[in-house]
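So you can see what is in the structure, the chains are spelled out below.
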Amino acid sequence: MEFGCEVDLEELCPVCGDKVSGYHYGLLTCESCKGFFKRTVQNNKIYACVDKQQCRIDKAQRKRCPFCRFQKCLHVGMRIEAVRADRMRGGRNKFGPTYKRDRALKQQQREAFIRAHRFRTESGTPVASWIQNGDFTFTESLNTVTIQKLSTPSLQSFGPTGAIQNLCSSASSWTIKSMYSNTYAGSAVVDAVTLMEPCDPCSKLRFTQDPRMPPLVMEFLLYDPDELQLQRNTDVHFQQELTGCCSYRSTFKQLYAMVDLLLHAIVEWARMSALFKQLQISDQMKLLHHCWSELLALDIISGHILYDRQACLLLIGDHEVEPPSTEYPPGPSLFDLSQRGQALLEKLHILKVDHQELASIKYLILFNPAVKELEDSGFIEKVKLQVGGALLEYTRTACPQLPNRLAHLLEFLSELRPLSCLAEEYLYCRHLRGEVPCNSLLDEMLHAKHNSP
DNA sequence: GTTCAAGGCCAG
DNA sequence: CTGGCCTTGAAC
């Protein structure tokens, strides 16, 4: 079973994502943030940020900027008044009952999340047999792919073909970088890089003023990709081509360019996540290779919900640009995808899902402990459970009148999976016909899942 | 007596 | 300065 009651529920520090050692100064934090907070308050430290006071704080970088670290300590709720002025040791402070309540609440949430997860409808998930085969070969191919721990700058060929897919490194992080030919979506990489720039967290602060919002959900929202930038990029790509009234083939070329752009944004979003960064590179690759299509489908659908995105992939099914398939058995059509996507979109509309929930759901998709041959599935499971707990806490606070809201969200997730399988099948069929440009990130994702070495 | 969140210590 | 480990002592 995916979530057993016996699971050791190790929490993660809301400041840096390190392992929690207990309640310190008002909430569960790690030992190092506890010490840092204590020293800062006791010694009346005053720090300065050499950047824009928006430094990302995670386990690897928490030492870099004490100013932003302390700001984050305060932001997540560490209490200055819990540091004793008289420095008296031992005993308990006035937060004792708070900690006790918090423990009870967390336990309740944990149990409720596990119940909700059991409730989730797993049946009726049609997965084409070739996809299952693909999963097998995908696992096999992973064994042959050596991924360096990129402590020094390096370029490495990735994937079973000669595609120019490279893992690049900067410091201890990584990116998947696809190169484009001059004739195909030449500006996509540049655009993707632009949209990957961390958005201004202040622009989202208005959503995070509510002190009842779980710190984890707040974090997810703050670091969700900048939609405006993404929209500008995708609109340019998509509408240029559609207004040009061109052949279906070139329209799909643009479609792939946009899918590739979205994939770049998804990879970069994951890469920027403090929790994701704590995984080994190999696990990061496995998780992304496994869930890219789900994240892509969710991204496209949520674009409608949150932003009424103009460049609408779902509507492409209405353009009647796709000639009927001559293959037997016929693969899925864009029309199929469009119909199913619209049905899911309708569900989200009825649920009135919000940005916080969508930002959290993405982490539930990404941190999937069921992915095969993970090095650290334990950590991934803990993260998933923690995200589930935070999402439950959030839905209970935001929609107290709907106690089963989380179960509905999980049900939506279980319905997203077959759609993403269908989308993958569609893209793979076109890939086999040579319509997916080589060297794109999409090409890499399709290769990773379906090619045996 | 046990628990556990305070403060303290000190190698790196 | 950092952070892992140690000591303390009120609440239970």
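For clarity, every value in this text was computed on a predicted model and none was experimentally measured.

A. The overall build of chain A, seen in detail. Within chain A one finds 16 helices and four strands. Pairs at least 24 apart in sequence give 72% of the contacts found in chain A among residues at least 6 apart.

B. Representation of the protein's contact with DNA strand C. Inspection of the region around DNA strand C gives E31, S32, F36, R39, K45, R62, K63, R69, R89, G90, G91 and R92 as its neighbouring residues. Restricting attention to atoms of DNA strand C within 4 Å of the protein, one finds that 60% of them are sugar or phosphate atoms. G90 is positioned with one of its backbone polar atoms (N or O) 3.2 Å from a base oxygen of DNA strand C. Here a base nitrogen of DNA strand C sits 2.9 Å away from a polar atom, N or O, in the main chain of G91. Residues of the surface near DNA strand C, tallied by class, amount to one nonpolar, three polar and eight charged.

C. How the structure looks around the packing of helix α7 (residues 215-222) against helix α14 (residues 377-398). It is the contact of α7 with α14, at a shortest axis distance of 8 Å, that shows an interaxial angle of 95 degrees. Our classification of the angle between α7 and α14 gives roughly perpendicular. Together, L216, V217 and F220 of α7 and Q386, V387, A390, L391 and Y394 of α14 make up the contact between the two elements. Its residues assigned to classes, the contact of α7 with α14 comprises seven nonpolar, one polar and no charged.

D. The environment of R87, seen in detail. Secondary-structure assignment places R87 in the loop between α2 (66-76) and α3 (96-119). As for R87 and Q42, which are separated by 45 residues in sequence, their C-alpha atoms are 8.6 Å apart. Setting aside residues up to four positions removed in sequence, R87 forms contacts with Q42 and N43.

E. Local environment of unusual backbone geometry. At N44, a residue that is not glycine, the phi angle is positive and equals roughly 50 degrees. Mapping N44 onto the fold places it in the loop between α1 (31-42) and α2. N44 sits in the exposed class, given a relative accessible area of 63%.

F. Here's a closer look at α7. Within α7, seven of the eight residues are buried, which leaves the element mostly enclosed by the surrounding structure. Those residues of α7 not exposed but buried are L216, V217, M218, E219, F220, L221 and L222.

G. Quick look at the nonpolar core. Ranked by internal contacts, the top residues of the largest apolar core, which has 74 residues, are L263, L366, F367, L416 and L442. The residues touching L263, leaving out its near neighbours within four places in the chain, are W292, L296, L441, L442 and M445. Counting residues in hydrophobic clusters, the runner-up holds 26 residues, among them C13, V15, C73 and Y99.

H. Local environment of the protein's contact with DNA strand B. Lining the immediate surroundings of DNA strand B are 18 residues, of which Y25, R84, R92, N93 and Y99 lie closest. Each atom of DNA strand B within 4 Å of the protein belongs either to a base or to sugar and phosphate, the latter forming 69%. Residue Y23 places a main-chain N or O atom 3.2 Å away from a phosphate oxygen belonging to DNA strand B. Measuring from a base nitrogen of DNA strand B, one finds a side-chain N or O atom of R89 at 3.0 Å. Listing elements by their share of the surface near DNA strand B, those giving two or more residues are β1 (22-24), α1 and α3. Taken together, the residues of the surface near DNA strand B break down into six nonpolar, five polar and seven charged.

I. Structural view of the confidence of the model for chain A. Residues of chain A with pLDDT of at least 70 account for 64%, and the chain-wide mean is 70. Every residue in residues 1-9 is under pLDDT 50, and counting partners more than four places away or in other chains gives 20 contacts. Low pLDDT (under 50) marks residues 120-208, which in the prediction has 181 contacts with non-local residues, meaning those over four places away or in another chain.

J. Local environment of the packing of aromatic side chains. Summed over all chains, the structure comprises nine aromatic pairs. Pairing F36 with Y47 gives two aromatic rings, centres 5.7 Å apart and planes at 15 degrees, and the pair type is stacked. Placement of F36 in helix α1 and of Y47 in the loop between α1 and α2 is noted, with a sequence separation of eleven residues between them. Using a relative accessible area of 6% as the deciding quantity, one classes F36 as buried. A network of ring pairs unites the aromatic residues F220, W269, F276, Y363 and F367 as a single cluster. Lying across the ring of F36, R69 places its NZ or CZ 4.5 Å from the centre.

K. Structural detail: the side chain of S420. Along the polypeptide, S420 turns up in helix α15 (residues 405-432). Here S420 is in contact with S293, E294 and A297, once residues within four sequence places are set aside.

Rules behind the numbers
Residues numbered from 1 in each chain as written. Chains lettered and ligands numbered in written order. Predicted model: local features only at pLDDT ≥ 70, side-chain atom pairs only at ≥ 80, totals over all residues. Heavy atoms only, no water. Helix = DSSP H or I, 4+ residues; strand = E, 2+ residues; numbered from the N terminus. Contact = heavy atoms within 4.5 Å. Near = heavy atom within 4 Å. Polar contact = N/O pair within 3.5 Å; in protein donor to acceptor, adjacent residues only side chain to side chain. Nonpolar A, V, L, I, M, F, W, Y, C, P; charged D, E, K, R; others polar. Axes fitted to C-alpha atoms, helices over the stretch in contact; angles between N-to-C directions. Parallel < 35°, antiparallel > 145°, perpendicular 65-115°, else oblique. Buried < 20%, exposed > 50% of the residue type's maximum accessible area, 1.4 Å probe, protein only. Core = buried A, V, L, I, M, F, W, Y, C linked by side-chain atoms within 4.5 Å. pLDDT = per-residue confidence, 0-100. Phe/Tyr/Trp six-rings, centres within 6.5 Å; stacked < 30°, edge-to-face > 60°. Lys NZ or Arg CZ within 6 Å of the ring centre and 35° of its normal.

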